[in-house]
Amino acid sequence: SGGGGCQLPAEWRPLSEGCRAELAAIIVYARVLALHPDPYGAYNYLPWQRGPPAGPQQEAGGLFYSAEIELLCDQAWGSMLEVPAGSRLNLTGLGYFSCHSHTVMQGYAYFFFLRMDENYILLPHGVNFQEAIFPDTQENRRMFASLFQFSNCSQAQHVLSFSSDWEIQEDNRLMCSSVQKALFEEEDRVKKLQQKVATLEKRNKQLRDRVKKVKRSLRQARKNTRHMEQMNRKLSEKLSSAGGQIPYINSLKQENSHGTYLKV
């Protein structure tokens, strides 16, 4: 039943890792030293369970946890975190959630997209509702190499071996937001045009209905006109046929009126 929280915005579009790296507040390359279960709380249970566990001894406990991480390089170029390589930090907000999960394993290295909340606590930064933690693989090293081009990597010199084309990667990274913005603006323009077309089609339908009514009224008026013309012709014919009897009627009236005068 937690699926209601998984609904993405209607205008959501997937973004590449490079684009989201540009928008992430902090990016670090670090190794997980230890995992620490979060203290038991009312929300520390699976979302599809009927209710929170009765106590911290339940198996559902410990779904959310924190990690102690050690930076293998300085923070990525442009990040907001000002700590050098070798620093140790606590990262919380890890575990299994209703629509996503931020999980790590002790002893492994990862690339992290991070943010800092109002209490200066580090959390995964799921830019655009997408993944915020990337395992230390050859592909991910190549993808994020340009971000650490100017960093002091004390324990991760292998990262720099993939940075020969960092200028091209950096240019692409800097262009990403403008390209995405242009795409979103174009989609928004198309959406507005579609809405305008729908409005015009609705008005056009209303006009067609009105024209149909006018044509129907015009046909009825023509029909009535033809009927009146037929009635007028018939009346004229009757008057014409009765026109020969009018002198005889007048003569009768004159005789009757003359006789009456004589009698008087």
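Heads up: these notes are all about the structure in this document. From a predicted model like this one, the values you see are computed outputs, not experimental measurements. (Residues numbered from 1 in each chain as written. Predicted model: local features only at pLDDT ≥ 70, side-chain atom pairs only at ≥ 80, totals over all residues. Heavy atoms only, no water.)

**Description of the overall build of the protein chain**
Inference 1: Each helix and strand counted, the protein chain has four helices and seven strands in total.
Inference 2: Ordering the α and β elements of the protein chain from the N terminus gives α-β-β-β-β-β-β-β-α-α-α.
Inference 3: The buried share of the protein chain, taken over its 264 residues, is 29%.
Inference 4: Contacts in the protein chain between residues at least 24 apart in sequence constitute 67% of all its contacts with a sequence separation of at least 6. (Helix = DSSP H or I, 4+ residues; strand = E, 2+ residues; numbered from the N terminus. Buried < 20%, exposed > 50% of the residue type's maximum accessible area, 1.4 Å probe, protein only. Contact = heavy atoms within 4.5 Å.)

**Concerning the nonpolar core**
Inference 1: If you look at the biggest cluster of nonpolar residues, it comprises 20 residues, and the most contacted ones within it are V104 and F112.
Inference 2: Taken together, the elements giving at least two residues each to this core come down to β1 (26-37), β2 (64-71), β3 (88-96) and β5 (109-116).
Inference 3: Leave out the neighbours within four places in its chain, and V104 touches V32, L35, Y65, A67, L94, Y110, F112 and I133.
Inference 4: Membership of the second largest hydrophobic core comes to 17 residues, among which are C73, A109, A132 and F134. (Core = buried A, V, L, I, M, F, W, Y, C linked by side-chain atoms within 4.5 Å.)

**Section: the pairing of β3**
Inference 1: Bridging between β2 and β3 involves six bridges; their strand directions are antiparallel. Counterpart to F64 in the pairing with β3 is G95.
Inference 2: Bridging between β3 and strand β4 (residues 101-102) involves two bridges; their strand directions are antiparallel. Bridge pairing links Y96 to S101 in β4. (Pairing = 2+ DSSP bridges.)

**As for the packing of aromatic side chains**
Inference 1: Under the definition given, this model contains six aromatic pairs.
Inference 2: Put simply, the rings of Y29, F111, F113, F134 and F144 touch in pairs and so form one group of aromatic residues. (Phe/Tyr/Trp six-rings, centres within 6.5 Å; stacked < 30°, edge-to-face > 60°.)

**A word on unusual backbone geometry**
Inference 1: Its identity as a non-glycine residue notwithstanding, N128 has a phi of 60°, on the positive side.
Inference 2: With respect to the helices and strands, the residue N128 is situated in the loop between β6 (122-124) and β7 (133-135).
Inference 3: Phi is positive for F129, close to 60°, though the residue is something other than glycine.
Inference 4: Examined against the element boundaries, F129 turns out to sit in the loop between β6 and β7.
Inference 5: For F129, a relative accessible area of 60% gives the class exposed.

**Quick word on a positive patch on the surface**
Inference 1: Together, R208, R210, K212, K213, K215, R216 and R219 make up a positively charged patch on the protein surface.
Inference 2: For K212, the location among the structural elements is in helix α3 (residues 166-242). (Patch = residues over 30% accessible without salt bridge, like charges linked within 9 Å, V, L, I, M, F, W, Y side chains within 5 Å. Areas by Shrake-Rupley, 256 points an atom, 1.4 Å probe, with all protein chains shown as cover. Salt bridge = Lys/Arg side-chain N within 4 Å of Asp/Glu carboxyl O. Lys, Arg positive; Asp, Glu negative; His and termini not counted. Charge placed at Lys NZ, Arg CZ, Asp CG, Glu CD.)

**Some points on the pattern of salt bridges**
Inference 1: Under the criterion given, the structure shown has three salt bridges.
Inference 2: With a shortest N-O distance of 2.7 Å, D136 and R141 are connected by a salt bridge.
Inference 3: Here D136 falls in the partly exposed class, since its relative accessible area comes to 24%.
Inference 4: For the salt bridge of D209 with K205, the shortest nitrogen-to-oxygen distance reads 3.5 Å. Of this pair, D209 and K205 are both found in helix α3, four residues apart, which corresponds to roughly one turn of the helix.
Inference 5: Take D209: its relative accessible area is 31%, and that puts it in the partly exposed class.

**Structural notes on the environment of A30**
Inference 1: Within the fold, A30 resides in strand β1.
Inference 2: The buried category is assigned to A30, whose relative accessible area is 0%.
Inference 3: Note: C-alpha distance between A30 and Y108 (78 residues apart in sequence) is 8.5 Å.
Inference 4: The residues contacting A30, other than those within four sequence positions of it, are I69, E70, L71, L72, Y108, A109, Y110 and F112.

**A look at the side chain of T92**
Inference 1: Mapped onto the elements of the fold, T92 is located in strand β3.
Inference 2: Its relative accessible area of 18% is what places T92 among the buried residues.
Inference 3: One polar contact links T92 to S66, side chain to side chain, over a distance of 3.2 Å.
Inference 4: Other than its neighbours up to four places away in sequence, T92 contacts D38, Y65, S66, I121, L122, L123 and P124. (Polar contact = N/O pair within 3.5 Å; in protein donor to acceptor, adjacent residues only side chain to side chain.)

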